[in-house]
Every structure is written in C-alpha cells, then in structure tokens.
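# What the coordinates show
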Amino acid sequence: MYLKGAGISPHPPIIIPEIGNGEEQKSSGTIEGMNKLGRFVQELEPKVIVLITPHGNVFSDGICILDYDSLKGDLKEFGYYDYTVEKKVSREFMVSFNSVLRNCDVPYLFIGPEDATHYRIQGKLDHGCIVPLYYIDKYYQDYQIVHISIGMLPLKDHY
C-alpha cells in the first residue's frame, strides 16, 4: 500500500444542498472545490481513504482510530434525515497502521465496539467525514476507509 494523494477538506454541512436549502449557493466556491476533490479521488481510484477528523472521539492523551468492520453516519443533527452513509473499514490498512504505530512515540487507541461502550463514545462517522464523503461518492465509491480522530497532542506528534 502506498500514498496516492492527499486532500484537506472543509466540512460545513450547509454545503450539502439538502441542508443548505439554497443557502449553500453562498459557498459556491467551496462546493466547486469539493466537486474538484471528488473528481481528484475518482482519477486516483484509491482502495482506501484515510479520514482524519477533529469532530470524532477526541482524547487528551492520544489519537483515536475506530476499529470496526464498517462505520455508518448520518446528518440528522443538521436536519437531513434521508441520508446515511456506511463504509467498510480496511482491515488490511488497520493491521499495517497498528504495526507502524507500535514503533512510534505517538500515543493512540484503537477503539472497537466494546471499548466504545466502555468509554461511552460514538463508533460512527461524524460530519467532518460525511461531508467530504458526500462529494467523493458523487464521483467514486469503490473504496474502504480508516477513521482517525485527532487527540489533544502537540502538532508535531500529529504530523
């Protein structure tokens, strides 16, 4: 597995037409950029998309990687009740990633369903992931994901 590309995405839910109800047109440049991101991903045809979000389960002492077979999320909290996204998690990438992290000084947690219950946290996709996936899926759907939430760590550790 190797890195094919990278992107940084804004993720305001209002740029989704069903949420913006016309107001999204005020962000037409952002929407154009999101469609460009979708086309970029389509050209690359990645097997795995790694999502790094500030809106997931944030721990003070490490990054959080959701260790599930698949992850699901919706935008109901933003008034869009008819949209749900579910993606398979790349087991192959997760095994490799865990091996790499074991040899680093960066604290991390792999959180599965039992751990999520224990910590009383969500094992789901958040809007920081769903909004970019909404635009990517318009152009390309043949991928798996890995979901990482930032921690309250120094920027150097995140890098």
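Before reading further, recall that the structure is shown in the block above.
Nothing here was measured: the structure is a model prediction, and the numbers come from that model.

## Focus: the packing of aromatic side chains
- If you walk through the whole model with that rule in mind, you get 8 aromatic pairs.
- Each ring, one from tyrosine 80 and one from tyrosine 83, has its centre 5.5 Å from the other, and the planes form 15°; the classification is stacked. Assigned by exposure class, tyrosine 80 and tyrosine 83 land together as buried.
- Relative to tyrosine 134, the ring of tyrosine 83 lies with its centre 5.5 Å away and its plane at 70°, an arrangement referred to as edge-to-face. Taken together, the residues tyrosine 83 in strand β4 (residues 80-88) and tyrosine 134 in helix α5 (residues 127-137) connect sequence positions 51 residues apart.
- Three or more aromatic residues link up through ring pairs in this structure, and these residues are Tyr80, Tyr83, Tyr134 and Tyr135.

## A word on the pattern of salt bridges
- Counted by the stated rule, this structure contains 3 salt bridges.
- Taking the shortest distance from any N to any O, the salt bridge between lysine 26 and glutamate 23 comes out at 2.7 Å.

## As for the side chain of histidine 147
- Mapped onto the elements, histidine 147 comes out in strand β6 (residues 144-149).
- When residues no more than four places from it in sequence are discounted, the contact partners of histidine 147 are Leu51, Thr53, Gly56, Cys64, Ile65, Leu66, Leu71, Lys124, Leu125, Asp126 and Cys129.

## Focus: unusual backbone geometry
- Here the phi dihedral of asparagine 21 falls at roughly 50°; this positive angle occurs in a residue that is not glycine.
- With respect to the helices and strands, the residue asparagine 21 is situated in the loop between α1 (17-20) and α2 (28-44).
- Residue classification places asparagine 21 among the exposed residues on the basis of a relative accessible area of 66%.
- Despite not being glycine, glutamate 45 shows a phi value in the positive range, around 50°.
- For glutamate 45, the location among the structural elements is in the loop between α2 and β1 (48-53).
- Note on glutamate 45: relative accessible area 52%, which makes it exposed.

Quick notes on the rules
Residues numbered from 1 in each chain as written. Predicted model: local features only at pLDDT ≥ 70, side-chain atom pairs only at ≥ 80, totals over all residues. Heavy atoms only, no water. Phe/Tyr/Trp six-rings, centres within 6.5 Å; stacked < 30°, edge-to-face > 60°. Buried < 20%, exposed > 50% of the residue type's maximum accessible area, 1.4 Å probe, protein only. Helix = DSSP H or I, 4+ residues; strand = E, 2+ residues; numbered from the N terminus. Salt bridge = Lys/Arg side-chain N within 4 Å of Asp/Glu carboxyl O. Contact = heavy atoms within 4.5 Å.

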